[in-house]
Amino acid sequence: EDQVTQSPEALRLQEGESSSLNCSYTVSGLRGLFWYRQDPGKGPEFLFTLYSAGEEKEKERLKATLTKKESFLHITAPKPEDSATYLCAVRVTGNQFYFGTGTSLTVIP
Amino acid sequence: EAQVTQNPRYLITVTGKKLTVTCSQNMNHEYMSWYRQDPGLGLRQIYYSMNVEVTDKGDVPEGYKVSRKEKRNFPLILESPSPNQTSLYFCASSFRTSGSSGANVLTFGAGSRLTVL
């Protein structure tokens with residue numbers, strides 16, 4: 001059964017305190033791994049797409065990496081405006097998407 | 001502005017009263033899909049469509065219907081809503097990835113919060 005698991009469920013960081021969010025997946029026929037950011041009361045917004053093990057992508061304070069079984073979203077020196085829920089999703093053969101339950105990040109000034 | 005528009009944003013209804021949640025995108029995307037988001041369960045795919053007149057079941061299709069008569073519209077129909085369909089619903093769309101037939105980066109609507117009493 002295709003499954004995506006994110007950890008931790010919630011994370012509180014001091015401003016400037018770097019950390020990583022984990023997304024592990026068990027799927028047959030991975031066609032892409034996606035990271036999204038979701039703010040309260042809004043739809044998810046796209047951050048990164050990764051397609052193959054070893055791939056890395058960066059955007060400002062965020063860096064996403066991919067292995068054969070998991071992905072990490074590294075947050076370097078976070079700011080309060082980085083507070084949000086971060087969602088991981090995989091696209092599998094047949095164009096279905098499976099999402100994790102998300103990591104709720106709070107950055108304290 | 002490129003966007004996915006859902007209506008209504010909020011709806012309270014009663015068990016058994018048919019309702020439709022509309023979804024429209026202005027980006028000429030081939031792929032459209034519906035999700036429900038529940039605490040502790042995350043986003044789960046209900047139905048998706050790769051093109052006009054082509055729809056497929058996602059993970060949780062029971063109790064829902066969809067149609068794709070036009071490329072820009074993908075309405076979600078609840079023929080006989082029940083309280084377990086109380087949820088936050090999202091519509092999303094995407095281009096097909098170049099070089100393959102697959103969906104790519106999803107653009108989401110703002111969500112429709114549905115309560116069934």
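For the structure itself, look to the data block above.
Residues numbered from 1 in each chain as written. Chains lettered and ligands numbered in written order. Predicted model: local features only at pLDDT ≥ 70, side-chain atom pairs only at ≥ 80, totals over all residues. Heavy atoms only, no water.

Caption draft 1: Up close: the side chain of Gln45 of chain B. Summarising the element assignment, Gln45 of chain B is placed in strand 5 (residues 42-51). Classification of Gln45 of chain B as buried rests on a relative accessible area of 1%. Separated by 3.4 Å, the side chains of Gln45 of chain B and Tyr35 of chain B make a polar contact. In this view, Gln45 of chain B contacts Asn95, Gln96 and Phe97 of chain A together with Tyr31, Ser33, Trp34, Tyr35, Gly58, Asp59 and Val60 of chain B; residues no more than four positions away in its chain are not counted. (Helix = DSSP H or I, 4+ residues; strand = E, 2+ residues; numbered from the N terminus. Buried < 20%, exposed > 50% of the residue type's maximum accessible area, 1.4 Å probe, protein only. Polar contact = N/O pair within 3.5 Å; in protein donor to acceptor, adjacent residues only side chain to side chain. Contact = heavy atoms within 4.5 Å.)

Caption draft 2: How the structure looks around empty space enclosed by the protein. Residue and element names in this part refer to chain B. Enumeration according to the criterion identifies one cavity of 30 Å³ or more in this entry. Considering only enclosed or pocket space, the largest cavity measures out at about 40 Å³ in volume. Lining of the largest cavity is provided by Pro8, Arg9, Tyr10, Leu11, Leu19, Val21, Ser112, Arg113 and Leu114. Secondary structure elements with two or more residues in the lining of the largest cavity: strand 2 (10-13), strand 3 (19-25) and strand 11 (112-116). The class makeup of the residues in the lining of the largest cavity is six nonpolar, one polar and two charged. (1 Å grid on protein atoms, 1.4 Å probe; cavity = no way out; pocket = protein on both sides within 12 Å on 5 of 7 lines; lining within 4 Å. Points joined across faces, edges and corners; volume = space filled by probe spheres on them. Nonpolar A, V, L, I, M, F, W, Y, C, P; charged D, E, K, R; others polar.)

Caption draft 3: Region of the structure containing the pattern of salt bridges. All names here are of chain B. Scanning all chains against the criterion turns up eight salt bridges over all chains. Here Lys65 and Glu79 are joined by a salt bridge, their closest N and O atoms 3.0 Å apart. Of the two residues, Lys65 sits in strand 7 (residues 65-66) while Glu79 sits in the loop between strand 8 (76-78) and strand 9 (87-94), which places them 14 residues apart along the sequence. Relative accessible area serves as the criterion here: at 36%, Glu79 is assigned to the partly exposed category. (Salt bridge = Lys/Arg side-chain N within 4 Å of Asp/Glu carboxyl O.)

Caption draft 4: Examining the side chain of Thr13 of chain B more closely. With respect to the helices and strands, the residue Thr13 of chain B is situated in strand 2. The residues touching Thr13 of chain B, leaving out its near neighbours within four places in the chain, are Leu19, Leu114, Thr115, Val116 and Leu117 of chain B.

Caption draft 5: Highlighting the state of the cysteines. Within the structure shown, the criterion is met by two disulfides over all chains. Paired by a disulfide, Cys23 of chain A and Cys88 of chain A hold their sulfur atoms 1.9 Å apart. Measuring handedness by torsion sign, the sulfur bridge of Cys23 of chain A and Cys88 of chain A sits at about -60° and is left-handed. Here Cys23 of chain A is found in strand 3 (residues 19-26), whereas its partner Cys88 of chain A is found in strand 9 (residues 84-92), with 65 residues between them in sequence. Exposure remark for Cys88 of chain A: the relative accessible area of 0% places this residue in the buried category. Note on cysteine connectivity: Cys23 of chain B is disulfide-linked to Cys91 of chain B, with sulfurs 1.9 Å apart. (Disulfide = S-S within 2.5 Å.)

Caption draft 6: Expanded view of the layout of surface pockets. The calculated volume of the largest pocket comes to roughly 470 Å³. Along the wall of the largest pocket there are 24 residues; nearest its centre are Gln38, Thr85 and Thr101 of chain A together with Gln37 and Pro39 of chain B. Residue assignment for the lining of the largest pocket shows that the elements contributing at least two residues are strand 9 and strand 11 (103-108) of chain A together with strand 4 (31-38) and strand 9 of chain B. Tallied by class, the residues present in the lining of the largest pocket amount to eight nonpolar, eleven polar and five charged. Size it by volume and the second largest pocket reaches roughly 320 Å³. Lining of the second largest pocket is provided by 15 residues; of these, Asp2, Gln3, Val4 and Phe99 of chain A together with Leu41 of chain B occupy positions nearest its centre. Looking at the lining of the second largest pocket element by element, the count peaks at four residues for strand 1 (residues 3-7) of chain A. Here the lining of the second largest pocket is built from residues that sort into six nonpolar, five polar and four charged.

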